Amino acid sequence: LCPQVHSLQELRRSASLATKVFVQRDYSDGTTCQFQTKFPPELESRIERQLFEETVKTLNGFYAEAEKIGGSSYLEGCLACATAYFIFLCMETHYEKVLKKISKYIQDQNEKIYAPRGLLLTDPLERGMRVIEISIYEDRCSSPSSA
Amino acid sequence: MSVMVARKKVVRKWEKLPGRNTFCCDGRIMMARQKGIFYLTLFLILGTCALFFAFECRYLAVQLSPAIPVFAAVLFLFAMATLLRTSFSDPGVIPRALPDEAAFIEMEIEATNGTVPQGQRPPPRIKNFQINNQIVKLKYCYTCKIFRPPRASHCSICDNCVERFDHHCPWVGNCVGKRNYRYFYLFILSLSLLTIYIFTFNIVYVALKSLKIGFLNTLKETPGTYPSSLTVLTVLEVLICFFTLWSVVGLTGFHTFLVALNQTTNEDIKGSWTGKNRVQNPYSHGNIVKNCCEVLCGPLPPSVLDRRGILQQEESTAQEGSCPRGPGTQEPPATQGPGQAQEGHSALSPQVPAPSVSDAELPEEKQRTPGELPVPSPDAGRAEH
């Protein structure tokens, strides 16, 4: 009998990919990186709407933080310019730091929420920041009646 | 009997990237294919500065002040650093859509437009978005199979979609886009200052020497002797600086105007925001200082191309498709089995541009290729694009 709840590793080994859903970018706020919070119909039966929207909203918040124009970003820009951008050889930019936070968050979400439901989020960075790719897995040995 | 697949060489993603770029230093450096004019730029800058430091500076440092060569050196180093940054970095290339994603978008387009009967031209693929209360159209790129973000454009020379595409500059041998515009601007600014500086001090040098031995004597010293070769070189430097001044300073002025209005060269050429029936620029903050700050000192997004990531090989026994970035990004390449890896591999192989290109796209792309035929005349700033 297949276990009902999947860990990430089990998902990769035992499940087969059924389809993929792509959450597109939302350009209503300009060229800043934001994703649409519209709930894809393919996920209707797999995950609660609120959880999905929560994930996308948090991601949008992270990207807004990365691209925030303000005092600290100007300071970073001016300091980098003053050193002829050599400082980037040894320092990580604010944007890169936030991207690391994002990938950690996505991994976290995958482990806690998405993998148990047979779904997998792909970091938008892997897709050129164009889409959030959600892979929907089917159980190979799923039985309609629960054990 | 176990078969060990010995991988001779690690294949990195840059080796399989579509588009017409060249990569150096194992993917660390990214440039356009035609680099001839870039070498000319390097030669002119290095040559002129070498002559200046070797000859005029020695005289002027003694006669006037040792600060003169020091300041020139600072300007020179800054100009070279920004030039190399502009030329070698990723301008903001948007990677092409993988087959799954492209198919998904095609389905969406068909759902909106409906199936087109045979023989009829399909309607242009455009999505409308509202930004800051103004409607902006997103165009579909047939080569990259994506809807281009606003302000992005497809460079036909490099065959890539580039974010906030400004222009393709043959003088730096690369596209100028979101990620390297500030370096480009600082390069032309520092080059303008450097040119003015060298020009001025060459004039000062000739003036000082003339005061000592007379102007005519300065000019007509006998050939073959040490002072004569100096004069010829000085005149050469003055000529180079003179022609460079007109073009580079003009270009710097033009780009200062663009930065103040938060516009790109591409938008300016196409007249996207000018004219009565057009929308106003929705990206401008309305304030010159704010626009300048955002364009020159705003946050810098990292490259999404992952040129040095290791490409997943089907034959490899060890699944180590880890990108050198965060811990979380390891998962997706490693999760997918051989089928997925193959798909990823084939998606990265060079794609043939789609033969059916709508009329709306063709004239635009032709407009953007003045850089393809490099115009060496240093006159109008725009001709350099």
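Thresholds applied
Residues numbered from 1 in each chain as written. Chains lettered and ligands numbered in written order. Predicted model: local features only at pLDDT ≥ 70, side-chain atom pairs only at ≥ 80, totals over all residues. Heavy atoms only, no water. Helix = DSSP H or I, 4+ residues; strand = E, 2+ residues; numbered from the N terminus. Contact = heavy atoms within 4.5 Å. Buried < 20%, exposed > 50% of the residue type's maximum accessible area, 1.4 Å probe, protein only. Areas by Shrake-Rupley, 256 points an atom, 1.4 Å probe, with all protein chains shown as cover. UniProt positions renumbered as here; feature names shortened; annotations may be inferred. Domains from an automatic or database assignment. Buried area = accessible area lost by both parts, 1.4 Å probe. Salt bridge = Lys/Arg side-chain N within 4 Å of Asp/Glu carboxyl O. Nonpolar A, V, L, I, M, F, W, Y, C, P; charged D, E, K, R; others polar. Polar contact = N/O pair within 3.5 Å; in protein donor to acceptor, adjacent residues only side chain to side chain. Phe/Tyr/Trp six-rings, centres within 6.5 Å; stacked < 30°, edge-to-face > 60°. Lys NZ or Arg CZ within 6 Å of the ring centre and 35° of its normal. Core = buried A, V, L, I, M, F, W, Y, C linked by side-chain atoms within 4.5 Å. Axes fitted to C-alpha atoms, helices over the stretch in contact; angles between N-to-C directions. Parallel < 35°, antiparallel > 145°, perpendicular 65-115°, else oblique. Pairing = 2+ DSSP bridges. Patch = residues over 30% accessible without salt bridge, like charges linked within 9 Å, V, L, I, M, F, W, Y side chains within 5 Å.

> Can you walk me through the overall build of chain A in this structure?
The helix and strand tally for chain A stands at four helices and three strands. Helices and strands in chain A line up, N terminus first, as α-β-α-α-α-β-β. Partitioning the intrachain contacts of chain A with sequence separation of at least 6 by distance along the chain shows that 63% fall at a separation of at least 24.

> What is the right way to look at the overall build of chain B in this model?
When its secondary structure is counted, chain B shows 11 helices and 10 strands. For chain B, the residues scored as buried account for 50% of the 385 residues in total. Long-range pairs, those at least 24 residues apart, make up 67% of the contacts in chain B with a sequence separation of at least 6. Surface summary for chain B: the accessible area is close to 18,700 Å², and the carbon and sulfur share equals 65%.

> Help me understand the UniProt feature "domain: Golgin subfamily A member 7/ERF4" (unreviewed entry) in chain A, please; the structure alone is not making it clear to me.
Using the residue numbers shown here, the UniProt feature "domain: Golgin subfamily A member 7/ERF4" (unreviewed entry) corresponds to residues 21–133 of chain A. Measuring from the first to the last C-alpha atom of residues 21–133 of chain A gives 6 Å, for a span that is 45% helix and 10% strand.

> Got a minute to help me understand the domain arrangement of chain B in this structure?
How large an interface is tends to be reported as the accessible area lost when its parts come together. Residues and elements named next belong to chain B. Domain annotation for chain B reports domain 1 (13–94 + 167–297) and domain 2 (99–111 + 122–162). For the pair domain 1 and domain 2, the two sides together bury roughly 1,700 Å², of which 56% comes from carbon and sulfur. Of all residues in domain 1, the largest losses of buried area upon contact with domain 2 belong to R20, I94 and Y283, amounting jointly to 35% of the total for that side. For R151, the salt bridge identified is with E267, shortest N-O distance 3.0 Å. Every element with two or more residues in the side of domain 1 that touches domain 2 is listed here: β3 (93–94) and α7 (265–270). Looking at the side of domain 1 that touches domain 2, its residues break down into nine nonpolar, 12 polar and two charged.

> What's the story with the interface of chain B and chain A in this structure? I'm lost.
Of the residues lining the interface, 49 residues belong to chain B; the matching set on chain A comes to 47 residues. Here chain B packs against chain A, burying approximately 4,000 Å² in sum over the two surfaces, 64% of which is carbon and sulfur. Summed over the shared surface of chain B and chain A, the result is two salt bridges. With a closest N to O distance of 3.0 Å, B:D100 and A:K20 form a salt bridge. Linking chain B with chain A are five residue pairs in polar contact (both at pLDDT 80 or more), by the criterion used here. Its residues placed into classes, the side of chain B that touches chain A shows 29 nonpolar, nine polar and 11 charged.

> I tried to follow the packing of aromatic side chains on my own but got confused; where do I start?
Two aromatic rings are characterised by how far apart their centres lie and by the angle between their planes. All names here are of chain B. For the structure on display, the rule yields 19 aromatic pairs over all chains. Aromatic ring contacts, followed pair by pair, group F199, F242, F243 and W246 into a single cluster. Against the face of Y181 rests R164, its NZ or CZ located 5.3 Å from the ring centre. K209 extends its terminal NZ or CZ atom over the ring of Y59, reaching a point 5.9 Å from the ring centre.

> Hey, could you run me through the environment of B:Q263 in this one?
Residues and elements named next belong to chain B. Considering the arrangement of structural elements, one finds Q263 in the loop between α6 (226–261) and α7. Overall, the relative accessible area of 10% leaves Q263 in the buried class. Each C-alpha atom of the pair Q263 and L75 lies 27 Å from the other, and the pair is 188 residues apart in sequence. What Q263 contacts, discounting residues up to four positions off in sequence, is R151, R164, L258, D268, W273 and N281.

> Would you mind going over unusual backbone geometry with me for this structure?
When glycine is set aside, most residues are seen to have a negative phi, and most peptide bonds are trans. Residue and element names in this part refer to chain B. Positive phi values are uncommon outside glycine, yet R151 reaches one of about 70 degrees. Inspection of the secondary structure assignment puts R151 in the loop between β6 (146–147) and β7 (153–155). Owing to a relative accessible area of 12%, R151 belongs among the buried residues under this scheme.

> Please clarify how the pattern of salt bridges should be interpreted in this entry.
Side-chain pairing between opposite charges can occur once the charged atoms of the two side chains come close. Residue and element names in this part refer to chain B. By the definition in use, this model includes 16 salt bridges over all chains. Measuring nitrogen to oxygen at the nearest pair gives 3.4 Å for the salt bridge that ties E163 to K178. Note that E163 is positioned in the loop between β8 (160–162) and β9 (167–169) and K178 in the loop between β10 (174–176) and α4 (181–213), a separation of 15 residues in sequence.

> Whenever I open this one, the nonpolar core confuses me. Can you help?
What tends to happen in soluble globular proteins is that the nonpolar side chains get buried as a cluster. B:I45, B:L83, B:Y181, B:F184, B:F187 and B:L194 are the most contacted members of the largest nonpolar core, which totals 42 residues. Among the elements of the structure, β2 (29–32), α1 (36–63), α2 (67–88), α4, α6 and α8 (288–297) of chain B are those that each provide at least two residues to this core. At 11 residues, the largest contribution of residues to this core is made by α4(B). Those residues in contact with B:Y181 that sit more than four places away from it in its chain are B:R164, B:D166, B:V176, B:H255, B:L258, B:V259 and B:V295. Residues A:I47, A:L59, A:L99 and A:L121 belong to the second largest nonpolar core, which totals 29 residues.

> Can you walk me through the packing of α1(B) against α2(B) in this structure?
In a packed pair of helices, the relevant descriptors are the angle between the two axes and the axis-to-axis distance. Residues and elements named next belong to chain B. Look at α1 against α2: their axes get within 10 Å of each other, and the N-to-C directions meet at 170 degrees. Between α1 and α2, the crossing angle belongs to the class labelled roughly antiparallel. In contact with F38, T41, L42, I45, L46, C49, F52, F53, C57, L60 and A61 of α1, α2 contributes I68, P69, A72, A73, F76, M80, L83, L84, S87 and F88. The class makeup of the residues in the contact of α1 with α2 is 19 nonpolar, two polar and no charged.

> What is the right way to look at the sheet that holds β3(B) in this model?
The strands making up a sheet are joined through hydrogen bonds of the backbone, oriented either antiparallel or parallel. Residues and elements named next belong to chain B. The strand order β3-β8-β7 describes an open sheet built from three strands, whose pairing is antiparallel. In the strand order of this sheet, the two ends are held by β3 and β7, each with one partner. Sheet topology note: the β3/β8 ladder contains two bridges and is antiparallel. Bridging across to β8, I94 finds its partner in C161.

> I'm lost on the UniProt feature "transmembrane region" (unreviewed entry) in chain B in this one. Help?
Residue and element names in this part refer to chain B. Here the UniProt-annotated "transmembrane region" (unreviewed entry) positions come out as residues 37–55, 67–84, 183–208 and 228–261. Between the end C-alpha atoms of residues 37–55 the distance is 27 Å, and the span holds 100% helix and 0% strand. Helix makes up 100% of residues 183–208 and strand 0%, whereas the separation of the span's terminal C-alpha atoms amounts to 36 Å.

> Just checking my understanding: could you explain a nonpolar patch on the surface for this structure?
All names here are of chain B. Taken together, the side chains of V235, L239, F242, F243 and W246 define a hydrophobic patch exposed on the protein surface, amounting to about 520 Å² of accessible area. By secondary structure assignment, the location of F242 is in helix α6. Residue classification places F242 among the partly exposed positions, given a relative accessible area of 36%.

> Would you explain the side chain of B:T252 in this entry?
All names here are of chain B. By secondary structure assignment, the location of T252 is in helix α6. There is a polar contact of 2.7 Å between the side chain of T252 and the backbone oxygen of V248. Not counting residues within four places of it along the chain, the set of residues in contact with T252 comprises Y185, I188, L189 and S192.

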